[in-house]
Amino acid sequence: MGIDFSVANSPSFQDMINASRGKEKCEIPSCQDLKGWILHEEVMEMQEYVKRIRHSWESTGCSILLDGWTDENGRNLVSFIVDCPQGPIYLRSSDISAFVSNVDALQLLLDGVIEEVGVNNVVQIVACSTSGWMGDVGKQFMERRRTVFWTVSVFDCIALMLEKIGTIDFAREILEKAKTITKFIHGHTTVLKLFGDFTGKRNLIKPSKLRSAMPFLTLENIVAEKKNLKAMFASFEWNRTKWASRTEGKRIVNLVEDRSFWSTARMVLKATIPLVRVLCLINGAYKPQVGYIDETMDQAKETIKEEFKNKKTQYWPIWEIIDDKTLFPHIIIIRLCLMSDIADHLQCHTENRYKFL
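This structure is a prediction, so every number in the text was calculated from the model and none was measured.

Q: Describe the nonpolar core, and please don't skip the residues or the numbers.
A: Membership of the largest hydrophobic core comes to 55 residues, with the highest contact counts inside it found for Phe233, Trp238 and Leu275. With twelve residues, the top contributor of residues to this core is helix H12 (residues 259-283). Ignoring anything within four residues of it in the chain, the contact list for Phe233 reads Phe184, Trp238, Ile252, Val253 and Val256. Formed by 27 residues, the second largest nonpolar core is a distinct cluster that contains Val82, Leu109, Leu110 and Trp133.

See below:
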């Protein structure tokens, strides 16, 4: 739900608009104008925009993006978004709760969307997951349709890689310890203020829209603040706090003084930060084309290898996760396409519009 149009009559709303304009005063439309001719013109403009994009599908091709989730009422929902070089548009959402375990029914729903967009216009279906009903539908879809690819978004694939790396014993243990440090410092006002005094008011927790990357970005911050953390816990100011004599505080001090924590933390960062950087690149304003992503993933692997001084026993487990076809099928699919009979079908699309969100 949006904001009610009556808010335009609020003096505070008018003050807010005028304040944002500086000295220049702004004439605010009336409530009647906002929900009348202004709304009508905006709707018309949006309809023309959507119409223009739809017309481009025939010449450029398009991708259908599937975004599935479960809402607070337990309903299984899926949204269909169509993406092309001219931009994405929202198609519609469906409640699939009644047939979420019926692959044939889900296929019929997807077939209807493809028919609506245009069978000859759709080059690929980009799902947001490899598991659950999307995984089941994807397997059957690839057997039924040979001219439309089924793949998973690069963003979600790399997020799954990071998640899987985070379950490796040494990584899981370090991430838990890092969480303990951040929770302690940010959970107590006195300690947080003291930390700010030693770091110039910086925070340990790295805010990010990339939820899968946050633990590793936060760990990176902790490693960057190693010197300041050690200085803080060895300071006179720390020893004056009540936490210095408590079990919880002593446990954190011991953790910060533990050499193995820092060495293993650096190892975790060597294995993950190159992937986090790729994730940030994909999530940025510029959406790289698939060929560039292919090359970037290869570069990330080489960076990880170099970080581990080419020691195969250390970097190989990470490479195996990156090369797991169930997590990141795009590179395999792309290379097979270039060797297949449908390369001609892709030629007019690949350079212009393969975008994985």
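Q: Before we move on, could you go through the side chain of Arg145 and cite the residues and values that matter?
A: Its place among the elements puts Arg145 in the loop between helix H4 (132-144) and strand S5 (149-152). By relative accessible area, Arg145 is classed as buried at 17%. A polar side-chain atom of Arg145 sits 3.3 Å from a polar atom in the side chain of Asp111. Setting aside anything within four residues of it in sequence, one finds Arg145 in contact with Asp111, Ile114 and Val119.

Q: Now, about the packing of helix H9 (residues 226-233) against helix H11 (residues 247-256): what can you tell me, with residues and values included?
A: For the pair H9 and H11, the least separation of the axes is 10 Å and the interaxial angle reads 140 degrees. By the angle between their directions, the pair H9 and H11 is classed as oblique. Of the two possible hands of crossing, H9 and H11 adopt the one that is left-handed. Taken together, the residues of H11 that come into contact with H9 (itself represented by Leu229, Lys230 and Phe233) are Ile252, Val253 and Val256. Looking at side-chain class alone, the contact of H9 with H11 contains five nonpolar, no polar and one charged residues.

Q: How would you summarise the sheet that holds strand S3 (residues 89-95) if you had to cite specific residues and measurements?
A: Strand pairs in the sheet, formed through backbone hydrogen bonds, run parallel or antiparallel to each other. On the basis of which strands lie adjacent, the open sheet formed by five strands has the order S3-S2-S1-S4-S5 and mixed pairing. The open sheet has two edge strands, S3 and S5, and neither has a second partner. Neighbouring strand axes in the sheet, compared pairwise and without regard to direction, differ in orientation by 20 degrees on average. Pairing of strand S2 (residues 76-83) with S3, which is carried by six bridges, proceeds in the antiparallel orientation. The residue bridging Leu77 from the neighbouring strand is Asp95, located in S3. Lying on the sheet, H4 is in contact with strand S1 (62-70), S2, strand S4 (122-127) and S5; it crosses S5 at an angle near 155 degrees.

Q: Quick rundown of the pairing of S5? Include the residues and the values.
A: Both faces of S5 are covered, namely the face carrying Phe149 and Thr151 and the face carrying Trp150 and Val152. Judged from the four bridges that link them, S4 and S5 form a sheet pairing that is parallel. For Val126, the partnering residue across the bridge sits in S5 and is Thr151. In this region the chain leaves S4, passes through H4 and returns to the parallel neighbour S5; the handedness of that crossover is right-handed.

Q: Tell me about the pattern of salt bridges, residues and numbers included.
A: By the definition in use, this model includes 13 salt bridges. For Glu116, the salt bridge is made with Arg92, and the minimal N-O distance between the two is 2.3 Å. One end of the pair, Glu116, is in helix H3 (residues 103-117); the other, Arg92, is in strand S3, with 24 residues separating them in the sequence. For Arg92, a relative accessible area of 27% puts it in the partly exposed group. Across the pair Asp169 and Arg172 runs a salt bridge, and its minimum N-O distance is 3.0 Å. Placement of the pair is Asp169 and Arg172 together in helix H6 (residues 169-187), with a separation of three residues, close to one helical turn. Each of the salt bridges in this network shares a partner with another, and the network as a whole consists of Arg54, Arg92 and Glu116.

Procedures and definitions
- Residues numbered from 1 in each chain as written.
- Predicted model: local features only at pLDDT ≥ 70, side-chain atom pairs only at ≥ 80, totals over all residues.
- Heavy atoms only, no water.
- Core = buried A, V, L, I, M, F, W, Y, C linked by side-chain atoms within 4.5 Å.
- Buried < 20%, exposed > 50% of the residue type's maximum accessible area, 1.4 Å probe, protein only.
- Helix = DSSP H or I, 4+ residues; strand = E, 2+ residues; numbered from the N terminus.
- Contact = heavy atoms within 4.5 Å.
- Polar contact = N/O pair within 3.5 Å; in protein donor to acceptor, adjacent residues only side chain to side chain.
- Axes fitted to C-alpha atoms, helices over the stretch in contact; angles between N-to-C directions.
- Parallel < 35°, antiparallel > 145°, perpendicular 65-115°, else oblique.
- Left-handed = near helix turned anticlockwise from the far one by under 90°.
- Nonpolar A, V, L, I, M, F, W, Y, C, P; charged D, E, K, R; others polar.
- Pairing = 2+ DSSP bridges.
- Right-handed = clockwise from strand over helix to strand, strands pointing away.
- Salt bridge = Lys/Arg side-chain N within 4 Å of Asp/Glu carboxyl O.

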